[in-house]
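Breakdown of the fold
Here are the chains, one letter per residue:
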Amino acid sequence: MKLYTGPTTPFGRKAGIVAREHGIGLQEEVCNPFESGELAGLNPLKLIPVLVLDDGAVLHDSHLICEYLDSIGAGPTLYPEAGRWLWRTRMMVGHGLAEASVQLRLQQVLPDGEQSGTMMARYQNRISRAVVQLEKEVEALIEGPLRMDKICAVIGIGHVEFRHGEEWRDEAPGLAAWYDDARRRQSFAETAPK
Ligand SMILES: N[C@@H](CCC(=O)N[C@@H](CS)C(=O)NCC(=O)O)C(=O)O
């Protein structure tokens, strides 16, 4: 299987983490979504990650790719039944944190005159609110085995810290302590943005 991903994408990182946790060997193909001609032929949305299966079938969107990898992987599921609506809601907060962080970055690298202060403030506020919410729910991140909400919190915070610095820590000391411990896990360390 081949995963089209990139060195800084939090969504590709999610798929890489799930593959590692389940002992699934993936060929990782570095792909720049803004320049790749091949990508649009695989995914009409022209977004990474994309997973191409051995039979040529194409899956895209990190949610779908992660659920697929979990369904074929060895070891315990990262999508347990227990408490699933609540942990899945928390998963979407972590995923949305990553989305807001990516969108803020995309605004910041636009040429002068094309940036929108309104949109940047909207993404910044979304990041702050998501961080505060994860801080409120940090006990649920600390307890129990690895789950997709924890993976999404790590990829969201990881992108915020990589692109926008450590300010988020001021609002969330408990979350920062959890994150500093969690990110030492092998699958997280190996996939950190660079
Ligand atoms: N909902 C998608 C989001 C994917 C996404 O936004 N990928 C970014 C890279 S981090 C991308 O390909 N951006 C290209 C663009 O915006 O044109 C997922 O979870 O897979």
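For the structure itself, look to the data block above.
Residues numbered from 1 in each chain as written. Predicted model: local features only at pLDDT ≥ 70, side-chain atom pairs only at ≥ 80, totals over all residues. Heavy atoms only, no water.

1. Considerations on the pattern of salt bridges
Note the threshold: Take a side-chain nitrogen of Lys or Arg and a carboxyl oxygen of Asp or Glu: if they are within 4 Å of each other, that pair is a salt bridge. Elements are defined by DSSP. Helices are runs of H or I of four residues or more, strands are runs of E of two residues or more, and each kind is numbered from the N terminus. A simple rule labels every residue: compare its accessible area, found with a 1.4 Å probe on the protein chains alone, to the largest value its type can have, and call it buried under 20%, exposed over 50%, or partly exposed in between.
Using the criterion set out here, one finds 14 salt bridges in the structure. When the shortest N-O distance is used, the salt bridge between Glu67 and Arg88 registers 3.7 Å. A residue pair is termed long-range when its members are at least 10 positions apart, and Glu67 in helix α3 (residues 62-72) and Arg88 in helix α4 (residues 84-108) qualify at 21 residues. Here Arg88 falls in the partly exposed class, since its relative accessible area comes to 23%. A salt bridge links Asp181 to Arg184; the nearest nitrogen and oxygen atoms lie 3.0 Å apart. In this structure, a network of salt bridges that share partners links the residues Arg90, Glu137, Arg147 and Asp149.

2. Section: the sheet that holds strand β2 (residues 27-30)
Spelled out, the test is: One bridge is not enough; two strands pair if DSSP finds at least two bridges between them. Here, axes are lines fitted to C-alpha atoms. For helices the fit covers the stretch in contact, and angles between N-to-C directions go from 0 to 180 degrees. Pairs of residues are marked as contacts when any of their non-hydrogen atoms sit within 4.5 Å.
Strands sit in the order β2-β1-β3-β4 across an open sheet of four strands; the sheet is mixed. A single partner strand is all that each edge strand has here, and the edge strands are β2 and β4 (58-60). Averaged over all pairs of adjacent strands, the angle between strand axes in this sheet comes to 20°, irrespective of strand direction. In terms of strand pairing, strand β3 (residues 50-52) meets β4 through three bridges, oriented antiparallel. If you follow Val52 over to β4, its bridge partner there is Val58. Docked against the sheet, helix α1 (residues 10-21) engages β1 (2-5) and β2, running at close to 150° with respect to β1. Docked against the sheet, α3 engages β1, β3 and β4, running at close to 120° with respect to β4.

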